[in-house]
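Chain and residue survey
Given next are the chains, with one letter for each unit.
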Amino acid sequence: MQIILSHTEENIIETIARAAQQLQMPAYLIGGFVRDKILERPTKDADIVCLGDGIELAHAVAKLFHPHPSVAFFKNFGTAQIKLPLPDGTLFEVEFVGARKESYTEQSRKPTVVAGTLQEDQLRRDFTINAMGISLNANDYGTLLDPFNGMRDLKAKMIQTPLDPLQTFSDDPLRMMRAIRFAAQLNFSIAAVTFDAIQKDAHRIKIVSQERITDELNKILLSPKPGIGFDLLSQSGILSIIFPQMMALHGAENIDGKGHKDNFYHTLKVIDNIAKETDDLWLRWAALLHDIGKPATKRFETGHGFTFHGHEVVGARMVPKIFAQLKLPMNEKMRQVKKLVELHLRPISLTKENITDSAIRRLLFDAGDDIDALMLLCNADITSKNKQKVHRYLQNFEMVKERMKEVEEKDHLRNWQPPLSGEDVMRVFGLPPGRKVGIIKDAIREAILDGIIPNTYEDAYTFMLQKAASLNLQPI
Ligand code: CTP
């Protein structure tokens, strides 16, 4: 089998082969590494399956490298892992495991895992494209071992299981999401029998841990066209179990000739659009969640049509809950996503008439460091089929960008802090922390953002004295 390896990868693999030969233990490259090398995709890890003890092989391999990498191993599972440095400073992970098969005893219907042949091990893997092996043994070094036609399926861009799919999925129901994730990552199709089995067994996703599910969701979101994956998740029945809020976006209603677009398919377009512009996972999450508040705010107003007033505020409030439910990090990233959802209408809602300096200043102030991300999200959100509408939006959008540049150059509002802080107010008037301090501080900020006073210390100070006087306060 001809695959292209970097110099370092070649060295790593030849060293593993040398260790296996010293132990006289047959060993094979298997799984994702083989698949990705054939597809010429970048790889950062490799799995080795051997006919023997994977932990013993890992130790033998580690000894051949200088300095020796440490071996992490799990005796119960018979697996071991070493990490080797790459020239770019990152690590290449190699995992070792002994070939296994499942055996059913008469007393128990629960299978136990026992040592097996290479082919038995390949049969237990998730998809044919992940079940190909490459020999590392002296007699047939480099030979592709592909008993389940993984190569044929790679060429046909097809995902299917080596066994009856119901059997493969019952071994690990997460594989149903993996099938969908590979379809999105590689732009492959899922074989009809395999997809039928996913639809039938979708409910079994409930037994999988949230961490593993969310890991797959993130991988789907990071793929070139995440929309493919979320559409399949929806069709399979898995999405309504793991992420009902997103499922609720489905449906395009029409009353008396007045309709609204299907927010689910609109959201898929927006994530596909943003995926063309950025690899940032959190910006992609913001795109996924930007309209999540629409179902809860949908109203029909006679004579007017459907409205979703305040969906950006309701949606933003849903973000922490969704992050907690999906066990996504409850940190700065969550707050960024929340902010982007809340602000996603702002740039496009500015029209020719109200692109005032103060509206632009407010936007720059509210978005802060996330202004570029917000503009990307807004641009991705323009998906109308009405060409005139799109043209108008894009024109407005360009104008907002232009004006933002001007105002930013003039006022430097990115990461801006008003020239007088709450502490300054307390000091000047001898006030303890409290409501009055907040009122004066906010008034100064608003006056600057509204262009009532220039953004200077002196102007802010004079304004502060006036505001304080109206509250019966004098400087001490
Ligand atoms: N595998 C499996 N069933 C799973 C997970 C993994 O059969 N639920 C097998 C597949 O043969 C897979 C290999 O283990 O190729 C390695 O798994 P993993 O590293 O999780 O996936 P990769 O295929 O390498 O892909 P990625 O690294 O993108 O997750």
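Residues numbered from 1 in each chain as written. Predicted model: local features only at pLDDT ≥ 70, side-chain atom pairs only at ≥ 80, totals over all residues. Heavy atoms only, no water.

Here's the deal with the domain arrangement of the protein chain
Domains assigned within the protein chain are domain 1 (1–152), domain 2 (277–411) and domain 3 (422–470). Summarising the inter-unit geometry, the C-alpha centres of domain 1 and domain 2 are found 46 Å apart. (Domains from an automatic or database assignment.)

Here we look at the packing of helix H13 (residues 263–277) against helix H14 (residues 281–289)
Axes are the key here: two packed helices are described by the angle between their axes and the distance separating the axes. The N-to-C vectors of H13 and H14 enclose an angle of 160°; their axes lie 8 Å apart at closest approach. The orientation of H13 relative to H14 falls into the category roughly antiparallel. Where H13 crosses over H14, the two elements pack in a sense that is right-handed. Contacts between H13 and H14 involve Thr267, Val270, Ile271, Ile274 and Ala275 on the former and, on the latter, Leu283, Arg284, Ala287 and Leu288. (Axes fitted to C-alpha atoms, helices over the stretch in contact; angles between N-to-C directions. Helix = DSSP H or I, 4+ residues; strand = E, 2+ residues; numbered from the N terminus. Parallel < 35°, antiparallel > 145°, perpendicular 65-115°, else oblique. Left-handed = near helix turned anticlockwise from the far one by under 90°. Contact = heavy atoms within 4.5 Å.)

Some remarks on the packing of aromatic side chains
All chains considered together, the criterion is met by nine aromatic pairs. An angle of 85° between the planes, with centres 6.1 Å apart, marks the rings of Phe33 and Phe92 as edge-to-face. With Phe33 in helix H2 (residues 32–38) and Phe92 in strand S5 (residues 91–98), this residue pair connects regions lying 59 residues apart in the sequence. Judged by relative accessible area, which is 1%, Phe33 ranks as buried. Overall, Phe92 belongs to the buried group, its relative accessible area being 2%. Ring geometry for Trp282 and Phe323: centres 5.9 Å apart, planes at 40°, overall tilted. With Trp282 in helix H14 and Phe323 in helix H16 (residues 311–325), the pair connects residues that are 41 residues apart, well separated along the chain. The exposure classification of Trp282 matches that of Phe323, with both residues buried. (Phe/Tyr/Trp six-rings, centres within 6.5 Å; stacked < 30°, edge-to-face > 60°. Buried < 20%, exposed > 50% of the residue type's maximum accessible area, 1.4 Å probe, protein only.)

Here's the deal with the sheet that holds strand S2 (residues 45–50)
Spatially, seven strands are ordered S3-S4-S5-S2-S1-S8-S9 in an open sheet, and the strand pairing comes out mixed. Edge positions in the sheet fall to strand S3 (72–74) and strand S9 (144–145), since each of these pairs with one other strand and no more. In this structure, S2 lies alongside S5, joined through six bridges in parallel fashion. Note on S5: the bridge partner recorded for Ala46 is Val94. (Pairing = 2+ DSSP bridges.)

Observations concerning helix H19 (residues 357–367)
For H19, the complete set of buried residues consists of Ser358, Ala359, Ile360, Arg361, Leu363, Leu364 and Ala367. The inward-facing, buried residues of H19 contact helix H17 (332–343), helix H18 (346–349), helix H20 (371–380), helix H21 (387–411) and helix H23 (435–449). Looking one or two residues past H19, Gly368 carries a phi angle of roughly 55°, positive in sign.

Focus: the nonpolar core
Grouped together as the largest cluster of nonpolar side chains are 137 residues, with contacts concentrated most on Leu57, Phe230, Ile238, Phe243, Trp285 and Leu289. Ranked by residues supplied to this core, first place goes to helix H7 (residues 174–186) with nine residues. If we ignore the near neighbours within four places in the chain, the residues touching Leu57 are Ile16, Ala19, Ala20, Leu23, Met25, Ala27, Ile48, Cys50 and Phe96. Within the second largest apolar cluster, six residues are counted, among which are Tyr28, Val97, Ala99 and Leu118. (Core = buried A, V, L, I, M, F, W, Y, C linked by side-chain atoms within 4.5 Å.)

Focus: the pattern of salt bridges
Within this structure, the stated rule accounts for 26 salt bridges. With a shortest N-O distance of 2.8 Å, Asp121 and Arg125 are connected by a salt bridge. Of the two residues, Asp121 and Arg125, both sit in the buried class. Its salt-bridge partner being Glu211, residue Lys327 comes within 3.6 Å of it at the nearest N-O pair. Linking Lys327 in the loop between H16 and H17 with Glu211 in helix H9 (residues 210–221), this pair joins segments that are 116 residues apart in sequence. The exposure class of Lys327 is exposed, given its relative accessible area of 52%. Linked through salt bridges whose partners overlap, the residues forming this network are Arg362, Asp442, Arg445, Glu446 and Asp450. (Salt bridge = Lys/Arg side-chain N within 4 Å of Asp/Glu carboxyl O.)

A few points about the environment of Leu233
Examined against the element boundaries, Leu233 turns out to sit in helix H10 (residues 226–236). Look at Leu233 and you get buried, because its relative accessible area is 0%. On a C-alpha basis, the gap between Leu233 and Met177 in space is 7.6 Å, while along the polypeptide they are 56 residues apart. Setting aside its immediate chain neighbours within four residues, Leu233 contacts Met177, Ile180, Leu217, Ile220, Ile238 and Leu239.

So, H7
The end-to-end C-alpha distance of H7 is 18 Å, a good match for the 18 Å that 13 residues give at a rise of 1.5 Å each. The element H7 is largely enclosed, with a buried count of 12 among its 13 residues. Of all the residues in H7, the buried ones are Leu174, Arg175, Met176, Met177, Ala179, Ile180, Arg181, Phe182, Ala183, Ala184, Gln185 and Leu186. Of the residues flanking the end of H7, it is Asn187, one or two places downstream, whose phi is positive at about 60°. (Expected span 1.5 Å × (residues − 1).)

Points about unusual backbone geometry
For residues that are not glycine, phi is negative in most cases, and the peptide bond is trans in most cases. Looking along the chain, the bond that leaves His66 and enters Pro67 is cis, with omega of -5°. With respect to the secondary-structure elements, Pro67 resides in the loop between helix H3 (54–64) and S3. Of note in this structure, Glu40 is not a glycine but carries a positive phi near 55°. The topology assignment puts Glu40 in the loop between H2 and S2. Overall, the relative accessible area of 63% leaves Glu40 in the exposed class. Not every positive phi belongs to a glycine, and Asn472 is a case in point at roughly 65°.

Details of the site of the ligand
Near the ligand lie 13 residues; those nearest to it are Arg35, Asp126, Asn130, Asp172 and Arg181. A distance of 3.1 Å separates an oxygen atom of the ligand from a polar atom in the side chain of Arg178. Arg181 is positioned with one of its side-chain polar atoms (N or O) 2.9 Å from an oxygen atom of the ligand. Listed by contribution, the elements that provide at least two residues to the shell around the ligand are H2 and H7. Of the residues forming the shell around the ligand, the biggest block, four residues, is contributed by H7. Of the residues belonging to the shell around the ligand, the class tally is one nonpolar, three polar and nine charged. (Near = heavy atom within 4 Å. Polar contact = N/O pair within 3.5 Å; in protein donor to acceptor, adjacent residues only side chain to side chain. Nonpolar A, V, L, I, M, F, W, Y, C, P; charged D, E, K, R; others polar.)

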